[in-house]
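Tertiary structure, described
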Amino acid sequence: MFWFLDSFERDIRSGKLSYESYTRLIGAEAYGQASSMGALRKDLFRILGNIQKGRNYVIDRGPRGKLTVGSRLKFIEWVQNDFPDAYACFFSQG
């Protein structure tokens, strides 16, 4: 398990989310419990903070293809499309 967390941390820091890291985020949304949604919120806000500092993210969404997110607007669109519950809970108010 630790190797997965390490690779996820590397992905967050590098701006290149592997499909495995992307599915970790999707899994937290799908699980939907308070603890997993809290972890998802933390991770999404970390990504947003890095984007606001000028980092672009390349997100491997597997069969859905890769997506480049480099602005707050693009980030919000991504979250709204891929994480609708997280969007409704954490981002829809602005």
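Going by the structure above, here's the rest.
This report concerns the structure included in the present document. (Residues numbered from 1 in each chain as written. Predicted model: local features only at pLDDT ≥ 70, side-chain atom pairs only at ≥ 80, totals over all residues. Heavy atoms only, no water.)

Let's shift gears to the environment of Val69. You can see Val69 is positioned in strand E3 (residues 66-69). Assessed through its relative accessible area of 0%, Val69 is described here as buried. Taking the C-alpha atoms as reference points, Val69 and Gly15, 54 residues apart in sequence, are found 9.4 Å from one another. The contacts of Val69, once residues within four sequence positions are left out, are Ile51, Arg55, Asn56, Tyr57, Ile59, Lys74, Phe75 and Trp78. (Helix = DSSP H or I, 4+ residues; strand = E, 2+ residues; numbered from the N terminus. Buried < 20%, exposed > 50% of the residue type's maximum accessible area, 1.4 Å probe, protein only. Contact = heavy atoms within 4.5 Å.)

What follows covers the environment of Lys66. Within the secondary structure, Lys66 sits in strand E3. Put simply, Lys66 and Ala39 are 27 residues apart on the chain and 23 Å apart in space, counted from C-alpha to C-alpha. Once you skip the residues sitting within four places of it in the chain, Lys66 turns out to touch Val58, Ile59 and Asp60.

Turning to the packing of helix H2 (residues 19-31) against helix H3 (residues 34-52), a few remarks are in order. Axis separation between H2 and H3 bottoms out at 8 Å; the angle between their running directions is 140°. Considered as vectors, H2 and H3 are oriented oblique to each other. H2 and H3 meet at a crossing whose hand is left-handed. Contact residues: H2 offers Arg24, Leu25, Ala28, Glu29 and Tyr31, while H3 offers Ser36, Met37, Leu40, Asp43 and Ile47. Partitioned by chemical class, the residues of the contact of H2 with H3 number six nonpolar, one polar and three charged. (Axes fitted to C-alpha atoms, helices over the stretch in contact; angles between N-to-C directions. Parallel < 35°, antiparallel > 145°, perpendicular 65-115°, else oblique. Left-handed = near helix turned anticlockwise from the far one by under 90°. Nonpolar A, V, L, I, M, F, W, Y, C, P; charged D, E, K, R; others polar.)

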